[in-house]
Amino acid sequence: MIAENRDHYGFPKQNTQQPSKEEMLKINARIEKWRKMIPKIPQLMANNDSKLKSRLRKGIPEGIRMLIWPCLAEIDQMKIQAKRTYKELIESQEISPHDSQITLDVMRTFQSNDLIKMDTITSQSLFTVLRAISLTFQDMGYCQGLNYLAGSFLLLMNDELVYWHLYSLLTKYGCLDTYINPTNTLKYFYALDILIKQFLPDVHAKFAKFNIVPFYYAAEWFITLFSSILPMQIFLRVTDIFWYEHHKTTFRASLAILKIRKEEILTAKSMEQVIAILKDQKFFNNFDPEKFIKIAMKDFIFSKKDLRKYYDLFAATQKK
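Cut-off values and rules
Residues numbered from 1 in each chain as written. Predicted model: local features only at pLDDT ≥ 70, side-chain atom pairs only at ≥ 80, totals over all residues. Heavy atoms only, no water. Domains from an automatic or database assignment. Contact = heavy atoms within 4.5 Å. Buried area = accessible area lost by both parts, 1.4 Å probe. Salt bridge = Lys/Arg side-chain N within 4 Å of Asp/Glu carboxyl O. Phe/Tyr/Trp six-rings, centres within 6.5 Å; stacked < 30°, edge-to-face > 60°. Helix = DSSP H or I, 4+ residues; strand = E, 2+ residues; numbered from the N terminus. Buried < 20%, exposed > 50% of the residue type's maximum accessible area, 1.4 Å probe, protein only. Core = buried A, V, L, I, M, F, W, Y, C linked by side-chain atoms within 4.5 Å. Disulfide = S-S within 2.5 Å. Axes fitted to C-alpha atoms, helices over the stretch in contact; angles between N-to-C directions. Parallel < 35°, antiparallel > 145°, perpendicular 65-115°, else oblique. Nonpolar A, V, L, I, M, F, W, Y, C, P; charged D, E, K, R; others polar.

(A) Structural context of the domain arrangement of the protein. When cut into domains, the protein gives domain 1 (79-173) and domain 2 (181-318). Just the C-alpha atoms count here: the centres of domain 1 and domain 2 sit 26 Å apart. Domain 1 puts 13 residues into the contact, and the matching count from domain 2 is 13 residues. Roughly 1,100 Å² is buried in total at the junction of domain 1 and domain 2, and carbon and sulfur atoms are behind 78% of that figure. Our count for the domain 1 to domain 2 interface comes out at zero salt bridges.

(B) Representation of the packing of aromatic side chains in the model. On inspection of all chains with the given rule, the structure shows 28 aromatic pairs. Between Phe-207 and Tyr-217, the aromatic rings sit 5.1 Å apart at their centres with planes inclined by 40 degrees, giving tilted as the arrangement. Of this pair, Phe-207 sits in helix H13 (residues 201-209) while Tyr-217 sits in helix H14 (residues 214-224), placing them 10 residues apart in sequence. The same class applies to Phe-207 as to Tyr-217, namely buried.

(C) Seen up close, the side chain of Thr-250. With respect to the helices, strands and loops of the structure, Thr-250 is situated in helix H16 (residues 248-260). Relative accessible area serves as the criterion here: at 1%, Thr-250 is assigned to the buried category. Apart from residues no more than four positions distant in its own chain, Thr-250 is found in contact with Phe-222, Leu-225, Phe-226 and Phe-242.

(D) Broad picture of the nonpolar core. Counting 62 residues, the largest nonpolar core has Leu-72, Phe-153, Leu-166 and Leu-169 as the members making the most contacts within it. Tallying contributions element by element places helix H10 (residues 159-171) first for this core, with seven residues. Residues lining this core come from more than one domain, with at least three contributed by each of domain 1 (79-173) and domain 2 (181-318). When neighbours within four sequence positions are excluded, Leu-166 is seen to be in contact with Val-129, Ile-133, Leu-146, Leu-149, Ala-150 and Phe-153.

(E) Highlighting the state of the cysteines. Within the structure shown, the criterion is met by zero disulfides. Here Cys-71 is not disulfide-linked; the sulfur of Cys-175 is the nearest cysteine sulfur, at 20 Å. We note that Cys-143 lacks a disulfide partner, and the nearest cysteine sulfur, in Cys-175, lies 10 Å from it.

(F) Layout of the packing of helix H12 (residues 186-199) against H13. Packing of H12 against H13 brings their axes to within 5 Å, and their N-to-C directions diverge by 125 degrees. It follows that H12 is oblique to H13 by the angle criterion. For the pair H12 and H13, the contacting residues are Asp-193, Ile-196, Lys-197, Gln-198 and Phe-199 in the first and Pro-201, Val-203, His-204 and Phe-207 in the second. In the contact of H12 with H13, the residues fall into five nonpolar, two polar and two charged.

(G) Local environment of the pattern of salt bridges. On inspection of all chains with the given rule, the structure shows 14 salt bridges. Across the salt bridge formed by Glu-264 and Arg-261, the nearest N and O atoms sit 2.7 Å from each other. Classification of Arg-261 as buried rests on a relative accessible area of 3%. Each of Arg-57, Glu-245 and Arg-252 takes part in a single network of salt bridges with overlapping partners.

(H) Structural detail: the environment of Met-271. Relative to the elements of secondary structure, Met-271 occurs in helix H18 (residues 271-278). As a C-alpha pair, Met-271 and Glu-22 span 249 residues in sequence and 47 Å in three-dimensional space. Beyond its immediate chain neighbours, meaning those up to four positions away, Met-271 contacts Phe-210, Asn-211, Ile-212 and Tyr-216.

(I) Quick peek at unusual backbone geometry. Phi at Asn-48 takes a positive value of approximately 50 degrees, unusual for a residue other than glycine. Of note in this structure, Phe-226 is not a glycine but carries a positive phi near 75 degrees. Assignment of secondary structure puts Phe-226 in the loop between H14 and helix H15 (232-245). Given a relative accessible area of 1%, Phe-226 falls into the buried group.

(J) Up close: the packing of H15 against H16. Closest axis-to-axis distance for the H15/H16 pair is 8 Å, and the angle between their directions is 145 degrees. Only Lys-248, Thr-249, Thr-250, Arg-252 and Ala-253 of H16 make contact with H15, whose side of the interface consists of Val-238, Ile-241, Phe-242 and Glu-245. When the residues that make up the contact of H15 with H16 are grouped by side-chain class, the tally is four nonpolar, two polar and three charged.

Written out as structure tokens, the structure is:
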């Protein structure tokens with residue numbers, strides 16, 4: 001049972017107001033619209049449907065999120081293409097060389113969360129999922145940071161669904177390359193640097209003054225997809241969009257964080273102060289998720305074509 005001072009995800013309660021009766025009616029109407037859309041999602045995704053994009057940016061209501069995410073992540077297709085089932089993996093007697101590191105990371109995951117404290121059912125499930133992933137993707141093994149992503153998912157769904165959503169991220173969304181070789185993130189940081197210079201030139205100048213490159217502060221954002229830095233409600237909204245818009249979402253969320261913390265960054269007196277500002281895990285606890293999404297999606301307009309161009313520019317620099 002979750003204590004009264006905790007939200008239903010097990011985190012300390014923040015200053016959030018309960019929705020009014022009118023707001024609840026609107027939420028229920030949105031849930032009904034989503035229910036009607038569910039059978040159409042695969043086709044809508046194939047057609048790059050603008051209505052689906054718009055609804056995802058407005059956020060999936062909590063009461064129906066776990067019916068929508070498996071459709072967006074194409075979990076049924078993941079199960080077909082996988083060589084082994086989750087049941088086979090968890091019943092396997094194989095020895096994973098990563099068990100000790102996984103155990104340590106489970107102990108470090110969301111230490112303020114009542115549901116993921118060591119020796120709870122949730123913490124045991126977190127170990128089981130991460131171990132199954134390490135057995136599935138043996139070239140990768142285990143990558144630190146996955147624990148936060150898996151832990152966040154476990155607060156929403158059962159361990160088997162967590163496994164398949166991680167499987168989708170690693171395969172369909174190309175995250176495996178990042179986890180196998182973290183230097184693969186350098187092209188993302190190169191692109192992010194260009195975007196910061198374009199949209200937040202004063203922040204870019206401050207970073208240049210202190211010789212701060214995106215790797216110093218954004219590596220954790222990209223590896224954990226913000227699950228370790230943003231509170232659950234904002235993380236869920238960002239992830240709703242990520243399933244459809246892929247890594248453009250990661251760049252926009254990164255730029256939103258920088259814009260929201262801009263004044264503090266510009267008045268910082270040292271590199272250490274800037275990094276501390278950007279690694280502060282508590283700042284966004286009482287930040288309005290709707291406001292965060294609006295900043296991320298409306299203030300930073302660029303295309304996938306732009307990102308591909310930046311990746312190509314990075315690749316050219318590596319050939320010199």
